[in-house]
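So the chains spell out like this:
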Amino acid sequence: MTGPAVTTDVLRSFLAAFNAHDLDAIMAFFTEDCVFEMPRGPAPGGRRLVGLEEVREGIRSRLEGIPDVRYEDDRHWVCGDRGVSEWTIRGTLRGGEPIEVRGCDLFAFSGGRISRKDSYWKIVD
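Residues numbered from 1 in each chain as written. Predicted model: local features only at pLDDT ≥ 70, side-chain atom pairs only at ≥ 80, totals over all residues. Heavy atoms only, no water.

A.B. asks: I'd like to hear about the sheet that holds strand S6 (residues 113–121), residue by residue, with values.
C.D. replies: A sheet is described by the order of its strands in space; here six strands give the open sequence S2-S1-S6-S5-S4-S3, paired in mixed fashion. Two strands in the sheet have a free side with no partner beyond their single neighbour: strand S2 (48–50) and strand S3 (70–79). Sheet twist, expressed as the average angle between the axes of neighbouring strands with direction ignored, equals 15°. Pairing of strand S4 (residues 82–92) with strand S5 (residues 98–110) involves eleven bridges; the strand directions are antiparallel. When the sheet's bridge partners are listed, Thr92 is paired in S5 with Pro98. Sheet strands touched by helix H3 (residues 51–65): strand S1 (30–37), S2, S3, S4 and S6. Its angle to S1, the strand with the most contacts, is close to 50°. (Pairing = 2+ DSSP bridges. Helix = DSSP H or I, 4+ residues; strand = E, 2+ residues; numbered from the N terminus. Axes fitted to C-alpha atoms, helices over the stretch in contact; angles between N-to-C directions. Contact = heavy atoms within 4.5 Å.)

A.B. asks: Just give me the short version of helix H1 (residues 8–19), but keep the residues and values in it.
C.D. replies: Between its first and last C-alpha atoms H1 spans 17 Å; for twelve residues at 1.5 Å apiece the expected length is 16 Å, and the two agree. For H1, the full list of buried residues reads Leu11, Phe14, Leu15, Ala17, Phe18 and Asn19. Once H1 finishes, His21 follows within two positions and takes phi at roughly 55°, a positive value. (Expected span 1.5 Å × (residues − 1). Buried < 20%, exposed > 50% of the residue type's maximum accessible area, 1.4 Å probe, protein only.)

A.B. asks: I'd love a proper account of the layout of surface pockets, names of residues and values included.
C.D. replies: Gaps left between atoms are located by rolling a probe of water-molecule size over the structure's atoms. Here the largest pocket is characterised by a volume of approximately 170 Å³. Looking at the largest pocket, the residues that line it are Met38, Pro39, Arg40, Arg47, Ser61, Arg62, Gly65, Ile66, Leu93 and Trp121. Counting residues per element, the lining of the largest pocket draws most heavily on H3, which supplies three residues. Here the residues of the lining of the largest pocket are counted per class, giving five nonpolar, two polar and three charged. (1 Å grid on protein atoms, 1.4 Å probe; cavity = no way out; pocket = protein on both sides within 12 Å on 5 of 7 lines; lining within 4 Å. Points joined across faces, edges and corners; volume = space filled by probe spheres on them. Nonpolar A, V, L, I, M, F, W, Y, C, P; charged D, E, K, R; others polar.)

A.B. asks: So, the pattern of salt bridges: which residues are in play, and what are the values?
C.D. replies: In total, this model carries 13 salt bridges according to the counting rule given. Of the charged contacts, one joins Arg116 and Glu37 as a salt bridge, the two residues approaching to 2.7 Å between their closest N and O atoms. Note that Arg116 is positioned in strand S6 and Glu37 in strand S1, a separation of 79 residues in sequence. Residue classification places Arg116 among the partly exposed positions, given a relative accessible area of 26%. Notably, a salt bridge pairs Glu64 with Arg60, separated by 2.5 Å at the nearest N-O pair. Pair noted here: Glu64 and Arg60 are both in helix H3, with a separation of four residues, about one helical turn. Using a relative accessible area of 42% as the deciding quantity, one classes Glu64 as partly exposed. Residue Arg60 is classed as partly exposed on the basis of its relative accessible area, which comes to 27%. Salt bridges sharing common partners tie together Glu37, Arg48, Arg116 and Asp118. (Salt bridge = Lys/Arg side-chain N within 4 Å of Asp/Glu carboxyl O.)

A.B. asks: Describe the pairing of S3, with residues and values.
C.D. replies: Where S3 and S4 come together, eight bridges link them in antiparallel fashion. Residue Trp77 lies in a different strand from S4, and its bridge partner there is Val84. If you look at the hairpin formed by S3 and S4, you'll find two residues sitting between the two strands, and Gly80 has a positive phi there, around 65°.

Here it is as structure tokens:
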């Protein structure tokens, strides 16, 4: 990895940007050629978004779908150019249903930024 090393403080700041619902701040953490693999989608790996424009739209839609979303109970690890964040999402879906989901993100870093975010959610039945 070239550039500054990503630390757990960076991952905490990334989550804080999500909790602030600040799309510009969130996107500042990503590389231009970033990939976001969403927890749901048409394939076993979820919906795959590539590049800043697609990733921005996917995150915007997440924030709109759960307008009061909060990421809490978080823990973070970084090892070289890889990282992990665990968290609990709490909020209310647009239809009024509450949501509380435990999940994690697996990260790859390049040049001090996030090049890949692969999200996993526990499904509550």
